[in-house]
Amino acid sequence: TVEKPAISFYGGEPLLNFDLIKRCVEYARQRFARKVHHNFTTNLTLLSDEILDFLVANEVSILVSLDGPKSEHDRHRVYKNGKGTFDRVMDNVERIYQRHPDYFREHVSFNAVYSPDTDLIAVNDFFTSAPHLFTRQRINLSGVRRGNQSFESRCKPNGNQARELLELERRFVQ
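Everything numeric here is computed off the predicted structure, so don't read it as measured data. (Residues numbered from 1 in each chain as written. Predicted model: local features only at pLDDT ≥ 70, side-chain atom pairs only at ≥ 80, totals over all residues. Heavy atoms only, no water.)

> Which residues make up the overall build of the chain, and what are the values?
The secondary structure content of the chain amounts to 9 helices and 5 strands. Starting at the N terminus and ending at the C terminus, the chain contains elements arranged as β-α-β-α-β-α-α-α-β-α-α-β-α-α. Counting all 174 residues of the chain, 40% fall into the buried class. A fraction of 72% describes how many contacts in the chain between residues 6 or more apart in sequence connect residues 24 or more apart. As displayed, the chain has an accessible area near 10600 Å², and 51% of this comes from carbon and sulfur atoms. (Helix = DSSP H or I, 4+ residues; strand = E, 2+ residues; numbered from the N terminus. Buried < 20%, exposed > 50% of the residue type's maximum accessible area, 1.4 Å probe, protein only. Contact = heavy atoms within 4.5 Å. Areas by Shrake-Rupley, 256 points an atom, 1.4 Å probe, with all protein chains shown as cover.)

Below is the structure:
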């Protein structure tokens with residue numbers, strides 16, 4: 001069986017250049033005989049109704065950067081002015097779910113990034129607290145790579161991650 005070709009947009013914030021995404025999707029539709037799968041990673045802060053309608057109509061998959069509850073997410077994901085992005089991200093997650101529940105279930109997944117200061121129990125509790133949004137969704141959990149000294153100097157380890165990982169293992173390996 002032959003896999004569908006895919007075009008992915010990520011790195012920075014792809015929605016900063018939505019017109020390019022739109023042109024690429026339209027070009028692929030005209031150029032290729034078989035369907036091309038499109039996906040992108042976004043923080044969802046720039047999502048508009050126009051963009052959402054295009055994504056749904058073209059079955060573009062979305063990987064949403066969402067690091068857990070407000071206290072965890074807003075620690076590192078902020079606007080230029082320092083204000084956290086959590087409220088905007090969650091408003092847009094809910095908007096996608098409410099307007100297009102089938103699309104949401106099939107085409108939206110989440111990526112939560114943890115760092116040494118992340119409360120892993122809080123992240124787990126967040127993703128299990130809203131089953132209408134997260135139960136059927138794919139949720140990736142990935143760690144920050146070591147070596148970014150600027151980031152690491154601002155990131156104070158919580159000192160509990162080893163215990164939190166054991167607790168999560170106990171919860172899931174019963």
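The rest of the description comes next.
> Describe in detail the packing of helix α2 (residues 49–57) against helix α4 (residues 86–99), supporting the description with residues and values.
Packing of α2 against α4 brings their axes to within 12 Å, and their N-to-C directions diverge by 50°. Judged by the angle between their axes, α2 and α4 are oblique. You can see that α2 and α4 cross each other, and the crossing is right-handed. Touching D49, L52 and D53 of α2 are R95, I96 and R99, all from α4. Class assignment of the residues belonging to the contact of α2 with α4 gives a composition of 2 nonpolar, no polar and 4 charged. (Axes fitted to C-alpha atoms, helices over the stretch in contact; angles between N-to-C directions. Parallel < 35°, antiparallel > 145°, perpendicular 65-115°, else oblique. Left-handed = near helix turned anticlockwise from the far one by under 90°. Nonpolar A, V, L, I, M, F, W, Y, C, P; charged D, E, K, R; others polar.)

> Explain helix α6 (residues 120–129) to me, using residue names and the numbers behind them.
Of all 10 residues that make up α6, 7 are buried, and the element is covered over most of its length. When we look at burial in α6, the residues that qualify are L120, I121, A122, V123, N124, F126 and F127. N-cap assignment for α6: the residue whose side-chain oxygen lies 3.1 Å from the backbone N of I121 is D119. (Polar contact = N/O pair within 3.5 Å; in protein donor to acceptor, adjacent residues only side chain to side chain.)

> Describe in detail the pairing of strand β3 (residues 61–65), supporting the description with residues and values.
Summarising burial for β3: 5 of the 5 residues are buried, a large majority. Side chains of β3 alternate between two faces, with S61, L63 and S65 and I62 and V64 buried alike. Bridge analysis of strand β2 (residues 37–42) against β3 gives 4 bridges, and the strand direction is parallel. Across the sheet, N39 pairs through a bridge with S61, a residue of β3. Taken together, β2, α2 and β3 form a β-α-β motif whose crossover is right-handed. Strand direction decides the pairing type here: β3 and strand β4 (residues 108–114), joined by 4 bridges, are parallel. (Pairing = 2+ DSSP bridges. Right-handed = clockwise from strand over helix to strand, strands pointing away.)

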